[in-house]
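Observations on the three-dimensional arrangement
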Amino acid sequence: MIELNDVSKVYERGSRALKNVSLRIEDGEFVFIMGRSGAGKSTLVRLLMKETEPTSGSIIVNDISLNDMRRSQIPKFRRTIGVVFQDFRLLRHLNVYENVAFAQRVIGKTGREIRESVPEMLTMVGLSSKYKANVSELSGGEQQRVAIARALVNRPKLLLADEPTGNLDARTADEIMQLLEEINRGGTTVLVITHSREIVQKMGKRVIVLDRGMLKSDREQVQL
Ligand SMILES: Nc1ncnc2c1ncn2[C@@H]1O[C@H](COP(=O)(O)OP(=O)(O)OP(=O)(O)O)[C@@H](O)[C@H]1O
Ligand SMILES: [Mg+2]
């Protein structure tokens, strides 16, 4: 469960990114976050990852209160979250397999665990045949699949996607959305930031709209 209680965020140089936002997302939900550029969407994601602190208000993620969390607990907490971005953020000098394996190596998984879970993840995202390819040889859609496999390989409870299809054509974006929906059906809570009304309408999920830092609306979208 995710809960924001009257959360505001003012950045140091005075920018008010979020204003008194309260919302609740249950385990297993699929939620879109929309809003104009500068509305505070990425700030919300950074707050949920405890990458930045709220100026006021309280935040609970995966049932843990972030306000009370000690610094030493942050790495363990972050493992309960997977994140993907518009620009993929892959390690360009490594191949597909190594990009996913890397996420496991840094948290000390054994070679045996890695050899088991990396192929499983690559199969899930539909890239098992390209495991040896260098990521720079892949299409944008394929690169995002690698990023999703990497985000999920440590089995997080929550997947945060900040404009995951921002760099992709409409058809590839649809395919990535289908994949995210499948991941959600497997029990992972999924939060997706998007600018695409088309995607949101097609998917028929809950939509939270931010407007200049404020919660503008929060509703179930009827699927067309
Ligand atoms: N690190 C930062 N320091 C100062 N101000 C920031 C910082 N990050 C974001 N902001 C400001 O906070 C506001 C919200 O930014 P945020 O990145 O959350 O918007 P966004 O909704 O994700 O926009 P976009 O759709 O363009 O990605 C903006 O006014 C932005 O300039
Ligand atoms: Mg953003």
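Residues numbered from 1 in each chain as written. Chains lettered and ligands numbered in written order. Predicted model: local features only at pLDDT ≥ 70, side-chain atom pairs only at ≥ 80, totals over all residues. Heavy atoms only, no water.

Judged by pairing direction, the sheet is antiparallel, and its four strands sit side by side in the order S2-S1-S4-S5 without closing on themselves. Every interior strand has two partners, whereas the edge strands, strand S2 (16-25) and strand S5 (64-65), have only one. Relative to S5, strand S4 (residues 56-61) runs antiparallel, the two sharing two bridges. Along S5, the bridge assignment pairs Val 61 with Ile 64. Its contacts with the sheet put helix H1 (residues 41-48) on strand S1 (2-10), S2 and S4, and the angle it makes with S1 is roughly 120°. (Pairing = 2+ DSSP bridges. Helix = DSSP H or I, 4+ residues; strand = E, 2+ residues; numbered from the N terminus. Contact = heavy atoms within 4.5 Å. Axes fitted to C-alpha atoms, helices over the stretch in contact; angles between N-to-C directions.)

A separate point is the nonpolar core. One finds Phe 32, Leu 122, Ile 148, Leu 180 and Val 192 to be the most contacted residues of the largest nonpolar core, which totals 43 residues. Residues lining this core come from more than one domain, with at least three contributed by each of domain 1 (1-80 + 156-224) and domain 2 (91-154). If we skip the residues at most four places from it in the chain, Leu 180 touches Phe 30, Ile 148, Leu 159, Pro 164, Val 190 and Val 192. Residues Ile 2, Leu 4, Ala 39 and Ile 74 belong to the second largest nonpolar core, which totals 30 residues. (Core = buried A, V, L, I, M, F, W, Y, C linked by side-chain atoms within 4.5 Å. Buried < 20%, exposed > 50% of the residue type's maximum accessible area, 1.4 Å probe, protein only. Domains from an automatic or database assignment.)

Around ligand 1, 14 residues are found, and the nearest of them are Ser 37, Gly 38, Lys 41, Ser 42 and Thr 43. Contact distances for ligand 1 include 3.0 Å between an oxygen atom and a backbone N or O atom of Gly 40. Taken by itself ligand 1 offers 630 Å² of open surface, and the protein chains cover 64% of this. Split into classes, the residues belonging to the shell around ligand 1 amount to three nonpolar, seven polar and four charged. (Near = heavy atom within 4 Å. Polar contact = N/O pair within 3.5 Å; in protein donor to acceptor, adjacent residues only side chain to side chain. Areas by Shrake-Rupley, 256 points an atom, 1.4 Å probe, with all protein chains shown as cover. Nonpolar A, V, L, I, M, F, W, Y, C, P; charged D, E, K, R; others polar.)

Let us now look at the pattern of salt bridges. This structure, assessed with the given rule, holds 15 salt bridges. A salt bridge links Lys 50 to Glu 53; the nearest nitrogen and oxygen atoms lie 3.2 Å apart. Overall, the relative accessible area of 7% leaves Lys 50 in the buried class. A relative accessible area of 38% places Glu 53 in the partly exposed class. When the shortest N-O distance is used, the salt bridge between Glu 120 and Arg 155 registers 3.1 Å. (Salt bridge = Lys/Arg side-chain N within 4 Å of Asp/Glu carboxyl O.)

Split into domains, the protein chain comes out as domain 1 (1-80 + 156-224) and domain 2 (91-154). Relative placement of domain 1 and domain 2: their C-alpha centres are 24 Å apart. Opposite the 12 residues of domain 1 that make contact, domain 2 presents 11 residues. Broken down residue by residue, the surface that domain 1 buries against domain 2 is led by Arg 79, Pro 156 and Leu 179, which jointly contribute 43%. (Buried area = accessible area lost by both parts, 1.4 Å probe.)

Let's shift gears to the packing of aromatic side chains. Going through the model one piece at a time under the given rule, you end up with two aromatic pairs. A centroid spacing of 6.4 Å and a plane angle of 70° characterise the contact between Tyr 97 and Tyr 131, whose relative ring orientation is edge-to-face. Pair noted here: Tyr 97 is in helix H3 (residues 96-105) and Tyr 131 is in the loop between helix H4 (111-124) and helix H5 (140-152), with a separation of 34 residues, a long-range link. Since its relative accessible area comes to 17%, Tyr 97 is described here as buried. The class of Tyr 131 is partly exposed, set by a relative accessible area of 38%. The cationic tip of Arg 89 hangs over the ring face of Phe 85; the distance from NZ or CZ to the ring centre is 3.7 Å. (Phe/Tyr/Trp six-rings, centres within 6.5 Å; stacked < 30°, edge-to-face > 60°. Lys NZ or Arg CZ within 6 Å of the ring centre and 35° of its normal.)

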